[in-house]
Protein chains: 4
Amino acid sequence: MIGHGFMGAAHSQGWRVAPRFFDLARQPVLQVVVGRNAAATAAAADKWGWEESATDWRDVLTRDDIDVVDIVTPGDTHAEIALAALAAGKHVLCEKPLANTVAEAEAMADAAARAADRGIRSMVGFTYRRVPAAAFARDLVAAGRLGVIRQVRAEYLQDWLIDPESPMTWRLDKELAGSGALGDIGAHAVDLTEFITGQRVESVSGIIETLVSERPVLAEGVGLSGTAGTERGTVTVDDVALFTGRLSSGALASFEATRFRTGRKNALRIEISGSRGALAFDLERLNELEFYDATAADTELGFRRILVTEHDHPYVGPWWPTGHMLGYEHGFSHQASDFVAAIAAGEQPRPSFADGLHVQRVLAAVERSSDTGSAWVPTAP
Amino acid sequence: MIGHGFMGAAHSQGWRVAPRFFDLARQPVLQVVVGRNAAATAAAADKWGWEESATDWRDVLTRDDIDVVDIVTPGDTHAEIALAALAAGKHVLCEKPLANTVAEAEAMADAAARAADRGIRSMVGFTYRRVPAAAFARDLVAAGRLGVIRQVRAEYLQDWLIDPESPMTWRLDKELAGSGALGDIGAHAVDLTEFITGQRVESVSGIIETLVSERPVLAEGVGLSGTAGTERGTVTVDDVALFTGRLSSGALASFEATRFRTGRKNALRIEISGSRGALAFDLERLNELEFYDATAADTELGFRRILVTEHDHPYVGPWWPTGHMLGYEHGFSHQASDFVAAIAAGEQPRPSFADGLHVQRVLAAVERSSDTGSAWVPTAP
Amino acid sequence: MIGHGFMGAAHSQGWRVAPRFFDLARQPVLQVVVGRNAAATAAAADKWGWEESATDWRDVLTRDDIDVVDIVTPGDTHAEIALAALAAGKHVLCEKPLANTVAEAEAMADAAARAADRGIRSMVGFTYRRVPAAAFARDLVAAGRLGVIRQVRAEYLQDWLIDPESPMTWRLDKELAGSGALGDIGAHAVDLTEFITGQRVESVSGIIETLVSERPVLAEGVGLSGTAGTERGTVTVDDVALFTGRLSSGALASFEATRFRTGRKNALRIEISGSRGALAFDLERLNELEFYDATAADTELGFRRILVTEHDHPYVGPWWPTGHMLGYEHGFSHQASDFVAAIAAGEQPRPSFADGLHVQRVLAAVERSSDTGSAWVPTAP
Amino acid sequence: MIGHGFMGAAHSQGWRVAPRFFDLARQPVLQVVVGRNAAATAAAADKWGWEESATDWRDVLTRDDIDVVDIVTPGDTHAEIALAALAAGKHVLCEKPLANTVAEAEAMADAAARAADRGIRSMVGFTYRRVPAAAFARDLVAAGRLGVIRQVRAEYLQDWLIDPESPMTWRLDKELAGSGALGDIGAHAVDLTEFITGQRVESVSGIIETLVSERPVLAEGVGLSGTAGTERGTVTVDDVALFTGRLSSGALASFEATRFRTGRKNALRIEISGSRGALAFDLERLNELEFYDATAADTELGFRRILVTEHDHPYVGPWWPTGHMLGYEHGFSHQASDFVAAIAAGEQPRPSFADGLHVQRVLAAVERSSDTGSAWVPTAP
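Residues numbered from 1 in each chain as written. Chains lettered and ligands numbered in written order. Predicted model: local features only at pLDDT ≥ 70, side-chain atom pairs only at ≥ 80, totals over all residues.

**Some words on the domain arrangement of chain A**
All names here are of chain A. Taken as a whole, chain A is organised into domain 1 (6-127) and domain 2 (142-324 + 341-350 + 359-371). The partner domain 2 presents 22 residues to the 20 residues of domain 1 that form the contact. Considering every element that reaches the side of domain 1 that touches domain 2, the biggest residue donor is helix 5 (residues 102-117), with 3 residues. Here the side of domain 1 that touches domain 2 is composed, by residue class, of 12 nonpolar, 4 polar and 4 charged. (Domains from an automatic or database assignment. Contact = placed C-beta atoms within 7 Å. Helix = DSSP H or I, 4+ residues; strand = E, 2+ residues; numbered from the N terminus. Nonpolar A, V, L, I, M, F, W, Y, C, P; charged D, E, K, R; others polar.)

Here it is as structure tokens:
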């Protein structure tokens, strides 16, 4: 595993726990964590139960006892590491967004396609696809329970920047993060839309904006934020992204990604409206899915709150009895399980680097639209 | 109409509005309001659009131009007025609770039965039966959508007495009110249970209790409460009633009526659990009914929130388009409409005085149970 | 009152009920209903309790016993009637949208301004401003409880057109309705945003679209829809409008108006995010307002569900005790009460025709933006 | 760890994960799982990552390399194992209910008290105390934010027995389970009430009942239930328990435990009403706590939905950023962490065996009350 921030903890938990609940064809070994700071990396390896730590990821790629490389660094380093790992014949799991630029993502998707021909697997870490409610939503759409999809509303709302004195972190620096709310969380909204509907966003019109452009630099990190230092830095990424997309079927999808929706902590929400039904999901209530069956009698119409904790719901079987809740990090166990299963089966897992590239193209098109007065921009190359 | 408190305003609105939306076989005329204080009564008549006011209800009963007597006084006067009105050949609508004692209620039910033989109609004012969601709940039960009823939970939660300095009103005086939370709001929980399930509460075990037994006397009334005077009075009614009832079918129903559930303003809630489905209703969201269809596929089980505003829902048709909400007082229009319809059709309306008597017996049984260490007490005479 | 459709019923109820609860300086008399079809108009007058009916509104305007003209016809006739009524020295209440074109609305606002100099009052019927929760939301913003407003999301979601065989009504004919979802319900979203924030939408970028362009003609109307005939007609208005607006303060507001959000019946929702707090409102739960106080301790942050039924909430005092719900049509009583109060006080009521004109300009700008590839269009003339 | 059912999986996950997030003074080693069936136990040990398996728990107690014994067997075996383990000088964590009879529980609490004098720690597994929202609720009560507690409503609602053909499991056999809904889930409702309020239930009146007394025997277990065999067995435990308790302060608490509340999957709910505020919690939304501050301005009163995912909430700090949800099994990690901390600090952890004994006495008193016509029964010995 390359990197050891918040995502490192989540991925470690995924690898650790997956084999205890899911029957994996191969047993993952938590071998080595790689980071630039030797002491911090060693501490992380010890804390999270990895065998070793290292400071040079290139060295690690040469090792025969490493089969899988899990990339959890900031987006600016994804391409270089992933390309090298694929070249070295390692299966690669890469955190989202796939890369900070479309060009990098194209190179990665291209390399992944070629690697696949040699049996090397790659996957991008849109874990919210693996929340049982989201996977079940996709199943309902695929089964035709929504009929023709008429509209989609997808939003990812947070509020951790509403205080203008909340400090800079690497997530506010375009060099490191590539993008702000758009790439960090808007990417999830786009991916979830494409995953559940089975459609692509083909063109977009929108606007991105930085609401607070100067903040104190970070003194010490706590959670996604931290304590403020005395100097000030310039925010170079967007705080808010509002855009409309045209899906493959012609339906309109409206998107919002923001770190300024006061009171909303982690509200990745999607509502899909079809001719025969509708679905609504909110990550803040991740064990629930609301389903509306428009074919019911007029007097019995209503959104029903399904607790997605039944044995037959996706991913739920190996966990707890009905009504016992899963949490945020369970998606990482599902991801680890699915990735191992794909490697063992010799099949291409989803979301592929090509899927990740497509999301990247959507994000780039939104930026281009914003730069050109919200003109409609196609997402195809 | 005899009486002109808060219920007088609600009944007036019911009589005024009903003919504007419902096709009534006879047109109600708001003729005369009766009250002890001539000036206050005249002001109420003027305010609410009645033709006249009067101070002696006995005089009014002798008038030929009065067909219907609507009793909205405190419970201690219900029996005397209703008996006289029925004797005078007037149709009688009487606010709940029917009376302050079972003996009075028995006399009233007896008189009502005899009057019915002469074509004189009587009804007791459990208006919450006429909230569309409650009427629709009854329809679902009657249609077998819940299967065998296994359990009922019915509660009426308010919090207007949590401040120990909140003043005495007539509702806290046993002489006038007959009972506290039990009779004022618990009566609604019992009636709604019997209405929706179509069953009777046949025996009860429970406890009633006064949590704050001394309060300032009332200086001036505002809403259900008012401002405090300097003297203190003794609360002679219960603040809280907790009881379990056995229904006709043998199922257990658990009840709570309280003015001390902090934060709950007017939460008359009922949840009915059956072998094929369940229903949940909350008066604080009176346009909604939650319905759970246990016959759905395992993965699609869930309470569905039905907006009870469709044209085909009970009482809804003559009002507004789908999704346009009704309020508290609409039940009084439905009550007026139903009462007029029953009079015109020569049929006995429900809830009858016999229904009201039964509720009264349940309340009395709860008091007796509370007095005897929560022993089980039958509700039959 | 000119017109006698669904809005006629609502306005009649407002005029009838307002004086029974609010102390009005002048007593409204429900004098005459005007409609083209003599029999239907007479029936409506009788049903709703008006003294007379008439077929020629011009005649009515010449009568000395008419002080107020209430216009509830489709939008294409608003301008002609309102201009004539103002010229005749009548106070005018006009349903929204103010007119079907900006030019008409300009003429009306101009006439209203001139009439105001002669003491003639005019108001446009955005009644949702008068839902207590909405008025209280404005009060909280005005009191600074939200701090600097960072973002607004306003949406009005319905689903009565999801069935492609649902028939044409006048609301789907541009000649009569002027606009579809945008003008019918989007107008409310815009007005409510401007009302609560106290800001104007200064420019917009967006798209409007017709999802089903051919439908059966209407055989008989029921609610907002009706039964289908055998012939087919062309839908000439939009089904969906998605747009982003820039407010006076520079904050971004994102809007949606649609008749295709499956399962949403009448969901006019607004969420306002500020530096110190946030508000969320949903017309489907119109007695509630969610308020988030961002200045609370970190561990105690949360949206609180306020039941807007307290004596001290706007408009609530004269109604029922705490926890007793109001419904859709109560806003019409508040509107009647406010209009009479303004006339009596010789003050200009809000929303004025100028306010209505501004909303009209926003709608026109959205149409222009949609026609020009979602380019940003200013709303100023 | 003795036992390897559903609770074994949860405890294993707790021991595995706790040291990866919490700084434990001593590192737990998952040494040996004990079960009667050698093959099944070995499989469980392998699956859950334990070093060894064994079939005789007495042997294991003699081992010097075992410091802690974790008992997750059915309740009928708790006393024997725990007494032996304490005698052998092992720290003991015992699943709830502490035992199947009060006599057993008394012996265990007595042994635990004596062991504590020798530095041996013991704890009973009411893990729901360690859901962050529940721990935070206790903090709010302890800080006086609720004022004087007036009423408590605690209920644990499930529905997995509504189908009369749902099969027998050991949980329906009094010999093994000791009790039905009362002991299995009612115990949690009682413990949570005592934990959050800091008070004891001192007397009770109630009823327990078996609604379906004959069921097919179990063929194969799935979740809490399983598939039905052809023979039939007799249910010897209660399906439903309804009881009222008197707390130390004199306040009344009303309880319900049931496996027949259709549509409720795992709804452990508690609402505490006080003179200054109220709290509501529902395990089906375990990351949320509703808090009502009755000292707010009248117009701003309301239950606020707190996402209990802030860094400063109990147990949350070492996990994920704000807004990232925890699940059911996180309570087991918190339990493991707290137990290790208590052992290392040489302090008595809570809930102690004495706490578990008290809950047992409450349950026994409910059974006695039910047997004596719902008479009030003290819980003191």
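**Some details on unusual backbone geometry**
With omega at -10°, the peptide bond leading from Lys96(B) into Pro97(B) counts as cis. Within the secondary structure, Pro97(B) sits in the loop between strand 4 (91-94) and helix 5 (102-117). In the segment running from Arg350(D) into Pro351(D), the intervening peptide bond is cis, with an omega of -5°. Position of Pro351(D) among the secondary structure elements: in the loop between helix 9 (330-345) and helix 10 (353-371). Here the phi dihedral of Tyr315(C) falls at roughly 70°; this positive angle occurs in a residue that is not glycine. In this fold, Tyr315(C) is placed in the loop between strand 15 (303-307) and helix 9 (330-345).

**Details of the relation of the copies chain C and chain A**
Superposing chain C onto chain A takes a rotation of 180° combined with a translation of 0.0 Å along the rotation axis, leaving an RMSD of 0.0 Å. Such a combination of rotation and displacement between the chain copies is what one expects of a two-fold axis. Looking at the interface residues of chain C, 100% of them are also at the interface in chain A, so both copies use one shared face. (Least-squares fit on C-alpha atoms with pLDDT ≥ 70 in both.)

**Side note on the interface of chain B and chain D**
The interface is formed by 30 residues belonging to chain B together with 30 residues belonging to chain D. Elements with a contribution of two residues or more to the side of chain B that touches chain D: strand 6 (149-157), strand 7 (201-209), strand 10 (240-247), strand 11 (252-258), strand 12 (267-274) and strand 13 (277-282) of chain B. Here the side of chain B that touches chain D is composed, by residue class, of 13 nonpolar, 13 polar and 4 charged.

**Some thoughts on the environment of Ala154(D)**
Residues and elements named next belong to chain D. Within the secondary structure, alanine 154 is located in strand 6 (residues 149-157). Since 27 C-beta atoms lie within 10 Å of it, alanine 154 is described here as buried. Separated by 34 residues in sequence, alanine 154 and histidine 188 have C-alpha atoms that sit 9.4 Å apart. Contact partners of alanine 154, with chain neighbours within four places excluded, come to Ala189, Leu192, Thr193, Ala253, Phe255 and Ile270. (Buried ≥ 20, exposed ≤ 12 C-beta atoms within 10 Å, placed from the backbone.)

**Observations regarding the pairing of strand 3 (residues 68-71) of chain C**
All names here are of chain C. Both faces of strand 3 are covered, namely the face carrying Val68 and Asp70 and the face carrying Val69 and Ile71. As judged from the 4 bridges shared by strand 3 and strand 4 (residues 91-95), these two strands associate in the parallel manner. Across the sheet, aspartate 70 pairs through a bridge with leucine 93, a residue of strand 4. (Pairing = 2+ DSSP bridges.)

**Re the relation of the copies chain B and chain D**
Each copy of the sequence occupies a distinct position, and chain B is placed on chain D by a rotation of 180° and an axial shift of 0.0 Å, giving an RMSD of 0.0 Å. Same-surface contact between copies: 100% of interface residues of chain B are shared with the interface of chain D.

**Digging into the interface of chain C and chain A**
In this complex, chain C contributes 30 residues to the contact, which on the side of chain A involves 30 residues. Those elements giving two or more residues to the side of chain C that touches chain A turn out to be strand 6 (149-157), strand 7 (201-209), strand 10 (240-247), strand 11 (252-258), strand 12 (267-274) and strand 13 (277-282) of chain C. Counted by class, the side of chain C that touches chain A contains 13 nonpolar, 13 polar and 4 charged residues.

**A word on the environment of Glu175(D)**
Here Glu175(D) shows up in helix 7 (residues 174-177). Distance from Glu175(D) to Asp56(D), taken between C-alpha atoms, is 22 Å for residues 119 residues apart in sequence.

**Remarks on helix 9 (residues 330-345) of chain A**
Residue and element names in this part refer to chain A. Its 16 residues give helix 9 an end-to-end C-alpha distance of 22 Å, which sits within 8% of 22 Å, the value for a rise of 1.5 Å per residue. Buried residues along helix 9 sit against helix 1 (6-21), strand 4 (91-94) and strand 5 (122-124). The positive-phi residue at the C-terminal boundary of helix 9 is glycine 346, with phi of around 65°. (Expected span 1.5 Å × (residues − 1).)

**Quick word on the sheet that holds strand 5 (residues 122-125) of chain C**
All names here are of chain C. Strand order across the open sheet formed by 3 strands is 3-4-5, with parallel pairing between neighbours. Each edge of the open sheet carries a strand with a single partner, namely strand 3 and strand 5. Across the sheet, the axes of successive neighbouring strands diverge by a mean angle of 15°, strand direction being ignored. (Axes fitted to C-alpha atoms, helices over the stretch in contact; angles between N-to-C directions.)

**Focus on the sheet that holds strand 5 of chain A**
Residue and element names in this part refer to chain A. In space, the 3 strands of this open sheet follow the order 3-4-5, with parallel pairing throughout. Of all strands in the sheet, those bounded by a partner on one side alone are strand 3 (68-71) and strand 5. Mean inter-strand twist for the sheet, computed between neighbouring axes without regard to direction, equals 10°. Inspection of the sheet shows strand 4 paired to strand 5 by 3 bridges, in the parallel sense. In the sheet register, valine 92 faces strand 5, and the bridge partner there is serine 122.

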